[in-house]
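An overview of the molecular structure
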Amino acid sequence: MNAVPQASADEPGLWDALPGMLLRLAEDGRALQVNPALADFLLTSPADALGTPWLDALESASRAALLDALAQRRDFTLQLRLARTARDAGGRWVDCAARWLAGTGHYVCALHDVSGARHAELSTRARAELLRLLADNVPALIAYYDAAKVECRFANSRYASTFGWDTQSIVGRSLVEVIGIDATRQIQPHVDRVLHQGEVATYEREIATPEGKRHIEVNLLPHHGPAGDTVGCFVLISDITKHHLAEMAVRQSEERLAKFMQASAEGIVFHKDGFITDANPPLCDLVGYRLDELLGRKTLDFVAPDHVAKVASVIASGQETAYESVLIDKRGQRIPVEFIVRTMMRNEERMRMTIVRDLRDRHAAQARIHHLAHHDTLTGLPNRSSFMEQLDHVIAGSRVSGSQLALLFIDLDHFKRVNDSLGHLVGDTLLRTAAARITSSLRATDIVARFGGDEFMVLLPGIAQRSDVEEVAQKLLLAIEAPVNADDRPISVTASAGVALFPHDGDSPEELIKHADTAMYLAKARGRAQYRFFDPAMASNAYAALVMEGELAQALERGEFELHFQPQVSARDGAVVGAEALIRWRHPERGLLLPATFIPLAEQQRLMLPIGQWVLREAARCAGRWHALGLVAAPVAVNLSTMQFQAVGFVESVARVLQEEGVEGRLIELELTERMLMDDLPEVSAKLAKLAALGIRVSVDDFGTGYSSLGHLKQLPIDKMKIDASFVKDLPDDRGSAAITRAIIQMARSLGITAIAEGVESEPQRSFLALNGCDELQGDLISKPLDAVAFEAWLRGRGA
């Protein structure tokens, strides 16, 4: 559990100054102390929140769960939901981390507002359900397969049930599993055409279903990725069984043909020498004319002018074919159709029969699928994948023409506050308005897209000079910040923008976006509501990283680092056998920071060497002091970084620290990861031998998560294996973790190495490890990491 600040009642100033929402609770739920941040969140004052009234702010279920947890008199974490109010109709949630202070008989709690994450989760789920509802109600079979493995990634209910699956079980199935190996072989040429040539493929085939054999028309549409390669395939299937049977009936019998014409749902027209001789009711309904208005007229009279040449060519050739065309109905509207043309004998005359299939529904479904794949559903703007395709195309054109273009990365400032305070509906209104304003402020040739969340991309091709971009950027920021009327209240947000120019700031879409993003974050760092052009100096580090890097470099000089120590005890009798030194950064503004916050940056900037040397020296100094006081003679374990271990003169620097601090090597233990041991086995072995000569013990940290082998380990002077906490946390119930833990203990015993388990937090875990022969234990069950003073007191309390 995260560390919870501990302030006493006689330190109200410190309590009020601590960051975040803090609460002191009695075990019956009464609030003993509330800091201003929490009082503001509860819309009350610290004084009015004391006692039990603050519990009224919680929903009943959360209140009951909290009271139950408080009664346990131990640390806990819990997510609580606040009762809805007029100001937060969407509801609010907080994460509560509580620490039980046995000495004072109450809890200290830190609360964190997680409402935004919960609302985002609910919104995402609703949109997914809406998409599924739409797909399952489209009158067609729809699916999507990836190109890499040709596995189904999506299917609507019609598609899944047709092939004997449901929408859940079909996902991840290969094409062979879905339709069978024979059908796969049959359609493989069409699949190859889509996946390898990136072309649309259309074909018909017969399938067996629980209702009998059906004839289907399949459209395979390639899905092109940002680089233009085919990354998947959209499948659109229409059941054309009725039409297929109708065509067969036409060929078999003229009498049956006449009946079929009246019963068919498709339009059918007979014509001789280009003049209409008969038509069925569906055809009349399609074009809006009565039969007597059609008879004797030229077929070409009803064909769209831009398709007349094609239709006339087919008539003249007498070929039997199927092709798409466009009719003009009585109201002058265009109707996309498919003509299936056949030559046959009717009434002892040779004539042409054309089945006219209305394609409006199919085209609408295809257009909808294409739109959903390339546009943002909220704003209607192109989405990220569509924008990347357009950006790549425009860059290619600019590269050929030698022209410039500008890319603007726009991000709304503090947009999360709008969602958290006013709800996502207001946030959506704000996004739609921003999208409309950006679009209306640009030229017809400019491109705008929603890149995700509250981020927009604007592409300005054909830029003559930098001042033109500055004018557009300023115009866009002013347009966005104009008040928006949402729920009868004016709301205004500003935006920050970063600008990257082609070809000056990048030659590829990825590079331009990266540099525009960097410039945008610099604009935010310098006060927001402004734009910044990319400067090559920005490329090496983001602004926030630069700030922390500077602070990190000064932290050693200012003495802001400190060590905390977590005891290690014997699994047999609980005697103290060592302690692990853990670095913390006492940041002047952000408080106590854990290693994950700053160690990665320290490693990137090569600050890990001086920091690691400080840790080693401080650990040696503490170990020497405790030994001199007679508190403990066990070693202090120090974690080594790869950079530190591989540094030239590392062993010599360790020896120098021991000498200068007057500490014996046996009081220091060095922890290395498995990967560090495997990098250069001969060199590692030589270093470990030198460390062993100094009396220093060596431990393999997080054993079981790396790459070492028994063959390698037996060649190295290793003293201890540390079983990783990821295995310990699931003990003793998880069979896999139990088996791995036993194997590590047995391996250590066979090599004559001490086995220690970290992350021990419960009595069942301790019992399992002890019964299975684990030598030593470390974890919160024994003690949480303590600062030097608290650790010394802990040792004195145990009489170590």
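Residues numbered from 1 in each chain as written. Predicted model: local features only at pLDDT ≥ 70, side-chain atom pairs only at ≥ 80, totals over all residues. Heavy atoms only, no water.

**Observations regarding the sheet that holds strand β18 (residues 455-463)**
We apply this condition: Any two strands with at least two DSSP bridges between them are considered paired. Runs of E in the DSSP output that reach at least two residues are strands. Runs of H or I that reach at least four are helices, and both are numbered from the N terminus. Here an axis means a line fitted to C-alpha atoms, over the contact stretch when the element is a helix, while the angle between two N-to-C directions is reported on a 0 to 180 degree scale. Contact definition: two residues touch when any of their heavy atoms are within 4.5 Å.
Pairing in this open sheet of five strands is mixed, and the strands run β17-β18-β16-β21-β22 from one edge to the other. Here the strands that pair on one side only, and so sit at the sheet edges, are β17 (447-452) and β22 (531-533). Ignoring which end each strand starts from, the neighbouring axes of this sheet average 20 degrees apart. Examined bridge by bridge, strand β21 (residues 495-502) and β22 share three bridges and lie parallel to one another. If you follow Gly498 over to β22, its bridge partner there is Arg532. Across the sheet, helix α15 (residues 384-401) is in contact with β16 (404-412), β17, β18 and β21; its angle to β17 comes to roughly 140 degrees. In the packing of helix α17 (residues 424-440) onto the sheet, the strands contacted are β16, β17 and β18, and the crossing angle to β18 comes to about 5 degrees.

**Describing the side chain of His106**
Filter applied, for reference: Only protein chains enter the accessibility calculation, which uses a 1.4 Å probe. A residue is then buried if its area is under 20% of the maximum for its type, exposed if over 50%, and partly exposed in between. In the analysis that follows, any N or O atom pair within 3.5 Å is treated as a polar contact, provided that within protein one partner can donate a hydrogen and the other can accept it, and provided that, for residues neighboring in sequence, both atoms belong to side chains.
One can find His106 in strand β5 (residues 106-113). His106 sits in the buried class, given a relative accessible area of 9%. Within the structure, the side chain of His106 is placed 2.9 Å from the side chain of Arg24, a separation counted as a polar contact. Polar contacts involving the side chain of His106 include one to the side chain of Thr104, which spans 3.0 Å. Setting aside chain neighbours within four positions, we find His106 in contact with Arg24, Leu25, Ala26, Leu32, Arg99, Trp100 and Leu101.

**Things to note about the pattern of salt bridges**
Put simply, the test is: Just to be clear on terms, a salt bridge is a Lys or Arg side-chain nitrogen sitting within 4 Å of an Asp or Glu carboxyl oxygen.
With the rule as written, the count across this model stands at 46 salt bridges. Two residues, Asp411 and Lys524, come together in a salt bridge whose shortest N-O distance is 2.9 Å. Of this pair, Asp411 sits in strand β16 while Lys524 sits in helix α19 (residues 509-525), and the two are 113 residues apart along the sequence. Both residues of the pair, Asp411 and Lys524, belong to the buried class. Salt bridges linked by common partners bring Glu217, Glu266, Glu338, Arg357 and Arg362 together as one network.

**Thoughts on empty space enclosed by the protein**
Using the following cut-off: Whether a set of points on the 1 Å grid over the protein atoms alone is a cavity depends on a 1.4 Å probe fitting there but being unable to get out, while an open set qualifies as a pocket with protein on both sides within 12 Å along at least five of seven lines; lining residues are those with an atom within 4 Å of a point. Grid points are joined across faces, edges and corners, and a volume is the space filled by probe spheres set on the points. Three categories are distinguished: nonpolar for Ala, Val, Leu, Ile, Met, Phe, Trp, Tyr, Cys and Pro, charged for Asp, Glu, Lys and Arg, and polar for the others, with Gly belonging to the last.
The full count for this structure, using the stated rule, is five cavities of 30 Å³ or more. Roughly 240 Å³ of internal volume is contained in the largest cavity. As for the largest cavity, its lining consists of 19 residues, of which Val269, His271, Thr299, Phe339 and Thr354 are closest to the centre. Taken together, the elements giving at least two residues each to the lining of the largest cavity come down to β11 (267-272), α11 (281-287), α13 (308-317), β13 (321-328), β14 (334-346) and β15 (349-358). Roughly 180 Å³ of volume is contained in the second largest cavity. Taken together, 18 residues make up the lining of the second largest cavity; nearest its centre are Tyr145, Leu175, Ile187, Leu220 and Val235. Secondary structure elements with two or more residues in the lining of the second largest cavity: β6 (141-146), α7 (175-179), α8 (181-197), β8 (201-209), β9 (212-224) and β10 (230-239). Residues belonging to the lining of the second largest cavity are distributed by class as follows: 16 nonpolar, no polar and two charged.

**Some words on the nonpolar core**
Where we set the bar: Nine residue types can take part in a nonpolar core, namely buried Ala, Val, Leu, Ile, Met, Phe, Trp, Tyr and Cys, and a core is a set of them joined through side-chain atoms within 4.5 Å.
Leu670, Leu677 and Leu688 are the most contacted members of the largest nonpolar core, which totals 80 residues. If one sorts the elements of this core by residue count, helix α22 (residues 608-628) sits on top with nine residues. Contact partners of Leu688, with chain neighbours within four places excluded, come to Phe645, Leu672, Leu677, Val698, Leu716, Pro717 and Ile718. The next biggest cluster of nonpolar side chains, apart from the first, holds 35 residues, and it includes Phe415, Val426, Phe456 and Leu477.

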